[in-house]
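Single-letter residue listing:
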Amino acid sequence: MKKILKILRIVLAFILVLIGAVGLVLPVFPTVPFLIAAAVVMGKKPRDIIKFINSLTQNIRIYLKRTIRRLRKKRLKNKKPG
């Protein structure tokens, strides 16, 4: 029984993270509530939940920084002198 519950928790958390990832692409769709719900489902202790949320936000920051750099390079490349 414990093994089945553990598998269900993992599947539910994975689904919630996927739904949260959709929120990164669609600006109207919320991201944070789904990621927090996934953290609550998977976390056994508040410390685990905080670690999970911090790692997700860190990965999002890294992704956004890379995207902004690429857009700036593209804009500078397309900018006509004059």
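**Side note on helix α2 (residues 32–42)**
Thinking step 1. Inspection of α2 places Leu35, Ala38 and Ala39 among the buried residues, and these make up the whole buried set. Viewed along the axis of α2, the buried residues span an arc of 100°, placing them on a single side of the element.

**Quick look at the side chain of threonine 31**
Thinking step 1. Tracing the chain through its elements places threonine 31 in the loop between α1 (2–25) and α2.
Thinking step 2. Overall, threonine 31 belongs to the buried group, its relative accessible area being 13%.
Thinking step 3. In this structure the side chain of threonine 31 is engaged in a polar contact, spanning 3.5 Å, whose partner is the backbone oxygen of glycine 20.
Thinking step 4. Excluding its chain neighbours within four sequence positions, the residues that come into contact with threonine 31 are Gly20, Gly23 and Leu24.

**Considering the environment of threonine 31**
Thinking step 1. C-alpha separation for the pair threonine 31 and leucine 16, spaced 15 residues apart in sequence, amounts to 9.5 Å.
Thinking step 2. There is a polar contact of 3.3 Å between the side chain of threonine 31 and the backbone oxygen of glycine 23.

Criteria and cut-off values
- Residue numbers restart at each chain and count upward from 1, following the sequence in its written direction.
- Confidence filtering applies because this is a predicted model: local features only for residues at pLDDT of at least 70, side-chain atom pairs given and counted only at 80 or more, and all residues used for totals across whole chains, interfaces and linings.
- By convention in this description, side-chain values take in all heavy atoms of the structure and omit both hydrogens and water.
- Type-normalised accessible area, obtained with a 1.4 Å probe on protein chains alone, sets the label of each residue: buried when under 20%, exposed when over 50%, and partly exposed for intermediate values.
- Secondary structure follows DSSP: runs of H or I at least 4 residues long count as helices, runs of E at least 2 residues long count as strands, and numbering of each begins at the N terminus.
- It is the directions from the helix axis to the C-beta atoms whose arc is reported.
- For the purposes of these results, a polar contact is taken to be a pair of N or O atoms within 3.5 Å, where, inside protein, one atom must be able to donate a hydrogen and its partner to accept one; residues adjacent in sequence count only when each atom of the pair is a side-chain atom.
- Whether two residues are in contact is decided by their heavy atoms, any of which lying within 4.5 Å being enough.

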